[in-house]
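# Per-entry structural report
So the chains spell out like this:
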Amino acid sequence: MKKTLLLAALCVLPLCVKAQEEKTERLDSAVVSVSRAGKQTPVTFTSVSKDQLQQANPMASLPMALDLLPSVVTYNEGGTGLGNSAMTIRGSKGSQINVTLNGITLNDAESQEVFWVNIPALTAMLSGVQVQRGLGTSANGAGAFGASVNMNTAMVGAVPTGSLDLSAGSYGTFIGSLYTSTGLLPGGWYFNVAANLGRTDGYIRNAFVRSSSLFAVLGWMCGPRSLRLTYLMGKQKSGITWDGIDLEQYAIDRRYNGAGEYKDDDGNICYYPNQTDNYAQHHLQLNYTRAFGDRWTWTNTFDYTRGDGYDEYYKTNKKLKNYGFSDHSRSDITYRKKMDNDFFVLNSNLRYRSAQLDVTLGLNGSYYRGAHRGQVLWVRTKGDVTSPDWYANYGRKLEGSAFLRAEYRPWPWLTAYADLQYRSIGYHFTGVDDDWIEYGRNAADRFDYHPRWRFFNPRAGLTASWGGHKLYFSAALGHREPGRSDIKENIKGNGLEIRPERMLDLEAGYQFSADNLVLSANVYAMEYRDMLLETGRLSDSGYAIKENVPRAWRRGIELAAGWQPWKWLRLDGNTTLSRNQIADYTSYVPYDDYSGATLPVSYGCTTMLMSPSVTGMVRLELFPWKGGTLSLNGKYVGKQYLDNSMREDLAVPAYFVSGASVSQKWGLGLGNLEIALYANNLFNRMYYAAGWRWEAYSADSGQVYYGMGVYPQAPLNVMLKMRYSF
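The next subject is the overall build of the protein. Within the protein, the secondary structure is distributed over five helices and 39 strands. Relative to the globule expectation of 27 Å for 726 residues, the C-alpha radius of gyration of the protein, 27 Å, shows essentially globular dimensions. If you line up the protein on its principal axes, its C-alpha atoms span 85 × 60 × 50 Å. Considering the protein as a whole, with its 726 residues, one finds that 54% of them fall into the buried category. Partitioning the contacts of the protein with sequence separation of at least 6, the portion at a separation of at least 24 is 66%.

Right, dumping it as structure tokens:
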């Protein structure tokens, strides 16, 4: 009997492997293809391959690695590429960009942000990225309200592969990455693992980063079935840099960072060494895919994400009663703001594909629970203390969504597209915030907010393709619920009703592709209703309150080209020209006496904050000899206002920054050895890429006073990378 079973297994095994080779690409990509646009989908997008990601500067976080894409603007709080990085696309900020990993949202359910520092070295783990501009295709999580970033970690190869990357450079930066894959083993099994370690001192003071990540996949594919278990861990400890530098200090010392500054008993300026952000995330995904013949594919994914961490601060001369003590005196203190969260997601997608019709039905359910607490660690007048949390609030978010998407090709040259999505969200927010005691509230005066939102988001479009030409048009309607901070600060402030945002996105584009030339042009109009913007009103605790603005828009044209006249030369470039405006903007300037009163100032039609009217890039690549590459690039970002008032002295000046890289690859043993040198900010520009502003009205003088803070970017800096791969 045992011999019979063994013989049967030996007979079946080659059939599984052979069938798997036929199904590898389809089953392996099914989990991410659901949220991605196809070649004929009338959506504006740019795809970045694994090879392109690996060519990026090793210091760059993922947003920085995408910096040269159309309409993308990035900056890093610490001035380099590691640490807290941010990205806008068409002026839309991080909370308006839907980010998915293998089809599962990475956006925090409450803030709707993706904190890239918590997932270091993603570029080393990804098989590819697709950036969709506009509303894009339906995806789970908070709706894309300006763009979406779809990432894929599926890396199934036919043979074993591996690589070792070691990089070192300016500001004490060291990055090491190790990757290995078994390839497809007999029986259809495979195993991939990648590990990364990153260290940097950063450009500004206290911009250090200590990060590590681990990525592992265990998978099995046989015939029409695929099963995959994925684990991703990211852990980081970094200095707090989000306060930036006020403009006066920037003129004296652009590397200054006041986080954790205090004076000792002798009056000497000191810095608290643990003014840090600490966080760890664990992602566990289980995916099962089943193909039924050549036309039907059923994909199911379960994801569990666990996150926990804290920020630690040193604060001077604080009222102890505001931190839960009965004592009414003042003292220096250290404390932590802690958070932990659990996120559960279940996706199920059924897809039908034929020569003329491609239909996908998607179902998604998710549950989020998060806690925010404050803990005092030390008081100068008391020493180390053990005290109960001085604040605690909790969020629960339950979401269910469904979409039906279809692409129909009545003729080979024409594709009709429709995408209908329904979302239902329930949110329950309870507890007290960190400033509850300070502003006279008591335990009976708590958050208790539990709204429910229901959205219908339709999309439709047409694509015509002939020869190397492609012409498309689409219209989409999207909605977005308020985030946690939008809600809680509005409750603590004037209590005005806060409504979901709406946006109509119109896109039309043309693309031409030949052997050595690629051209594209896209025009867009993103028309907003009830857009949430900071208008200057403050809550009792001084935080900016967002209010619904009746009408606003982002309209523009995106142009891109790639030309390779000879094998040894390639030129690429893109530019975006846009108008990002609010129809009628009124700012509410707070009085400087903390009375809560505001002075309304009307500005009429204005440009939105941090939304440049012009962006562009150019890149030259030379392949002068076998295995050698020389690349030069430049990025231009137009003027950006720090608020919606269009005041010239509250703006980030336009800047142009360039970079270069040179690499050489040799065959060595069974693999390849590559050495590359990267230079950022090649011409040593002293610029800042983002910032913030404050303002107040003085009743005594009858004047409005204001100032600004900025995030300086590093001057010329270099990285050297050595990579061995097989």
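The next point concerns the sheet that holds strand β13 (residues 245-246). Pairing in this open sheet of three strands is antiparallel, and the strands run β13-β38-β37 from one edge to the other. At either end of the open sheet lies a strand with only one pairing partner, and these are β13 and β37 (688-698). Both β37 and strand β38 (residues 703-712) contribute to a ladder of nine bridges, which runs antiparallel. When the bridges of β38 are listed, serine 698 appears paired with glutamine 703.

Right, let's get into the environment of glycine 616. As for its position among the elements, glycine 616 is in strand β31 (residues 614-622). Taking the C-alpha atoms as reference points, glycine 616 and threonine 575, 41 residues apart in sequence, are found 3.9 Å from one another. Non-local contacts of glycine 616, meaning those with residues more than four positions away in its chain, are made with Asn574, Thr575, Gly634, Lys635 and Tyr636.

On to the side chain of arginine 459, then. In this structure, arginine 459 sits in strand β24 (residues 452-466). Despite its burial, arginine 459 remains without a salt bridge, the nearest opposite charge being carried by aspartate 419 at 4.6 Å. When residues no more than four places from it in sequence are discounted, the contact partners of arginine 459 are Leu135, Gly136, Thr137, Ser138, Tyr417, Ala418, Asp419, Gln421, Ala475 and Ala476.

As a further point, take the pattern of salt bridges. Using the criterion set out here, one finds 31 salt bridges in the structure. The residue arginine 647 makes a salt bridge to glutamate 695 at a minimum N-O spacing of 3.0 Å. Residue arginine 647 is located in the loop between β33 (640-641) and β34 (651-652), and its partner glutamate 695 is located in strand β37; the two are separated by 48 residues in the primary sequence. Across the pair, glutamate 695 and arginine 647 agree in class, each one buried. Residues joined by salt bridges that share partners form a network here, namely Arg306, Asp340, Asp342, Arg369, Arg373 and Asp389.

So, about the nonpolar core. Within the largest apolar cluster, 32 residues are counted, with the highest numbers of intra-cluster contacts made by Val129, Val149 and Met151. Going through the elements one at a time, β3 (85-89), β4 (97-101), β6 (128-134), β7 (146-152), β10 (189-200) and β11 (209-222) are the ones with two or more residues in this core. Apart from the residues lying within four places of it in its own chain, the contact partners of valine 129 are Arg36, Thr46, Ser47, Val48, Leu53, Leu62, Leu66, Val149, Asn150 and Met151. Membership of the second largest hydrophobic core comes to 16 residues, among which are Tyr171, Tyr250, Met610 and Ala690.

Another aspect to go through is the environment of leucine 178. Mapped onto the elements, leucine 178 comes out in strand β9 (residues 173-181). Sequence separation between leucine 178 and leucine 82 is 96 residues; the distance between their C-alpha atoms is 18 Å.

With that settled, the discussion passes to the packing of aromatic side chains. Counted by the stated rule, this structure contains 24 aromatic pairs. Judged by centre distance (5.9 Å) and plane angle (35°), the ring pair of tyrosine 314 and tryptophan 378 falls under tilted. With tyrosine 314 in strand β17 (residues 296-319) and tryptophan 378 in strand β19 (residues 357-379), this residue pair connects regions lying 64 residues apart in the sequence. In this structure tyrosine 314 comes out as buried when scored by relative accessible area, which is 6%. Tryptophan 378 sits in the partly exposed class, given a relative accessible area of 22%. Between tyrosine 323 and tryptophan 390 the ring centres are 4.9 Å apart and the planes differ by 65°, which places this aromatic pair in the edge-to-face class. In this pair, tyrosine 323 sits in the loop between β17 and β18 (330-353) while tryptophan 390 sits in the loop between β20 (383-384) and β21 (391-411), placing the two residues 67 residues apart along the sequence. Taken individually, tyrosine 323 and tryptophan 390 each receive the classification buried, so the pair is uniform in this respect.

Take the sheet that holds β4 next. Within the open sheet, the five strands sit side by side as β1-β6-β7-β4-β5. Their pairing is mixed. Two strands in the sheet have a free side with no partner beyond their single neighbour: β1 (44-49) and β5 (104-105). Sheet analysis places β6 next to β7, joined by seven bridges and oriented antiparallel. The partner of valine 129 across the bridge, within β7, is methionine 151.

What follows concerns the pairing of β10. Residues Tyr190, Asn192, Ala194, Asn196, Gly198 and Thr200 line the buried face of β10, whereas the alternating positions Trp189, Phe191, Val193, Ala195, Leu197 and Arg199 sit on a face that is not buried. Sheet topology places β9 next to β10; eight bridges connect them, and they run antiparallel. Across the sheet, the residue bridging to serine 177 is asparagine 196, located in β10. Here β10 pairs with β11 via twelve bridges, running antiparallel.

Criteria and cut-off values
- Residue numbers run consecutively from 1 along every chain, following the written order of its sequence.
- In view of the model being predicted, local features appear only for residues whose pLDDT reaches at least 70, and side-chain atom pairs are presented and counted only at 80 or more, with totals across whole chains, interfaces and linings using the full set of residues.
- Side-chain measures were taken over the full set of non-hydrogen atoms in the model, leaving aside hydrogen atoms and water.
- Only DSSP runs of H or I with at least four residues qualify as helices, and only runs of E with at least two residues qualify as strands; both kinds are numbered from the N terminus onward.
- Two things to know: the radius of gyration comes from C-alpha atoms, and the globule rule equals 2.2 Å times the number of residues to the power 0.38.
- Burial classes follow relative accessibility: with a 1.4 Å probe on protein chains only, a residue under 20% of its type's maximum area counts as buried, one over 50% as exposed, and anything between as partly exposed.
- Here, residues are in contact when the closest pair of their heavy atoms is within 4.5 Å.
- One bridge is not enough; two strands pair if DSSP finds at least two bridges between them.
- Here Asp and Glu are counted as negative and Lys and Arg as positive; His is not counted, and neither are the chain ends.
- Whenever a carboxyl oxygen of Asp or Glu lies within 4 Å of a side-chain nitrogen of Lys or Arg, that contact is scored as a salt bridge.
- Nonpolar core, defined: a set of buried Ala, Val, Leu, Ile, Met, Phe, Trp, Tyr and Cys residues in which side-chain atoms within 4.5 Å join the residues together.
- Paired rings are identified among Phe, Tyr and Trp, the last through its six-membered ring, by centres lying within 6.5 Å, and are further divided according to the angle between planes into stacked (under 30 degrees), edge-to-face (over 60) and tilted (the rest).

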